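# Geometric and topological summary
Below are the chains, spelled out letter by letter.
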Amino acid sequence: MTIDELLEQARARLDRLSAEQLPAAVRAGAVVVDIRPAAQRAEEGELPGALVIERNVLEWRCDPASDARLPEAVDHDVAWVVMCSQGYTSSLAAAALQQLGLHRATDLVGGYQQLQAAGLVNVLTDR
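Below: a short report on this structure. (Residues numbered from 1 in each chain as written. Predicted model: local features only at pLDDT ≥ 70, side-chain atom pairs only at ≥ 80, totals over all residues. Heavy atoms only, no water.)

### A few points about the overall build of the chain
Of regular secondary structure, the chain possesses six helices and four strands. Tracing the chain from N to C terminus, the helices and strands come up as α-α-β-α-β-α-β-α-β-α. Its C-alpha atoms put the chain at 35 × 35 × 30 Å along the principal axes. Taking as baseline every contact in the chain between residues at least 6 positions apart, the subset at least 24 positions apart corresponds to 65%. Total accessible area computed for the chain in this model is approximately 6,600 Å², and 49% of it derives from carbon and sulfur atoms. Charge-centre separation for the chain: the mean point of 11 positive side chains lies 3 Å from the mean point of 18 negative side chains. (Helix = DSSP H or I, 4+ residues; strand = E, 2+ residues; numbered from the N terminus. Contact = heavy atoms within 4.5 Å. Areas by Shrake-Rupley, 256 points an atom, 1.4 Å probe, with all protein chains shown as cover. Lys, Arg positive; Asp, Glu negative; His and termini not counted. Charge placed at Lys NZ, Arg CZ, Asp CG, Glu CD.)

This is the structure:
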C-alpha cells in the first residue's frame, strides 16, 4: 500500500469540511483541533480558539475512555474537526479517531492554509 492509497482510504470514511463549512460546524458545537507542530504554528500563524493537540498525543486526548483525555472529550459523540497545515495529516488523524469510535471526527480540506486563503482564521473567535 502507498501513502496515497492510505490517504484515499482514510478520506473515504470522512465527511470532510471546507473552510466555508467550518463556521456552521463550530456554531453547531464542533471542536476544532490544531495538530500542527509548534514550529509550524509559529511560522504559519495560530488559529485563535482552537485546541492545540500535537499529533503524537491526539488519540489519548480525544478518547473519552483515556486517563489523559481533555475535558472536551465527554463521550463518543463529540464532533472533532482536525486541522493541519494543508489537510493531509489531518485526514489520517481523523480516521484514527474514527477507529476509536469517535464517528463524528473529520478534518478540514486544505487545512490552515485554506482557512487563511478564505479569510477565516478568526472563525472560532468571531462567533
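### Regarding the pattern of salt bridges
Applying the stated rule across the entire model yields seven salt bridges. The residue glutamate 54 makes a salt bridge to arginine 41 at a minimum N-O spacing of 3.7 Å. With a gap of 13 residues between them, glutamate 54 in the loop between strand E2 (51-52) and helix H4 (58-62) and arginine 41 in helix H3 (residues 38-44) connect regions that are remote in the sequence. One salt bridge in this structure joins glutamate 59 and arginine 55, with 2.9 Å as the shortest N-O distance. We classify arginine 55 as partly exposed; its relative accessible area is 28%. If you follow the salt bridges from partner to partner, you end up with Asp34, Arg36 and Glu44 in one network. (Salt bridge = Lys/Arg side-chain N within 4 Å of Asp/Glu carboxyl O. Buried < 20%, exposed > 50% of the residue type's maximum accessible area, 1.4 Å probe, protein only.)

### Observations concerning the nonpolar core
Ranked by internal contacts, the top residues of the largest apolar core, which has 18 residues, are Val33, Ile35, Leu58, Cys62, Trp80 and Leu97. Listing elements by their share of this core, those giving two or more residues are strand E1 (31-34), H4, strand E3 (80-83) and helix H5 (89-99). Considering each element in turn, this core owes the most residues, three residues, to H5. (Core = buried A, V, L, I, M, F, W, Y, C linked by side-chain atoms within 4.5 Å.)

### Thoughts on the side chain of serine 91
Relative to the assigned elements, serine 91 resides in helix H5. Residue class for serine 91 comes out buried when judged on its relative accessible area of 0%. Here arginine 16 takes part through its side chain, which lies 3.4 Å from a polar atom of the side chain of serine 91. Non-local contacts of serine 91, meaning those with residues more than four positions away in its chain, are made with Leu7, Ala10, Arg11, Leu14, Arg16 and Asp107. (Polar contact = N/O pair within 3.5 Å; in protein donor to acceptor, adjacent residues only side chain to side chain.)

### Brief notes about the packing of aromatic side chains
All told, the structure shown has zero aromatic pairs when counted by the stated rule. Over the face of the ring belonging to tyrosine 112 we find arginine 36, whose NZ or CZ atom lies 4.2 Å from the ring centre. (Phe/Tyr/Trp six-rings, centres within 6.5 Å; stacked < 30°, edge-to-face > 60°. Lys NZ or Arg CZ within 6 Å of the ring centre and 35° of its normal.)

### A closer look at H5
For H5, the tally of buried residues reaches eight of eleven residues, placing the bulk of the element in the interior. Taken together, the buried residues of H5 touch helix H1 (3-12), H4, E3 and strand E4 (106-107). Positive phi shows up at glycine 101, right after H5, with a value of about 95°.

### Focus on the pairing of E3
One face of the sheet, then the other: side chains in a regular strand alternate in exactly this way. On E3, burial covers both faces: Trp80 and Val82 on one face and Val81 and Met83 on the other are all buried. When E3 meets E4, the two strands line up parallel, connected through two bridges. Looking at the pairing, valine 82 lines up with aspartate 107 of E4. For the segment spanning E3, H5 and E4, crossover handedness is right-handed. (Pairing = 2+ DSSP bridges. Right-handed = clockwise from strand over helix to strand, strands pointing away.)

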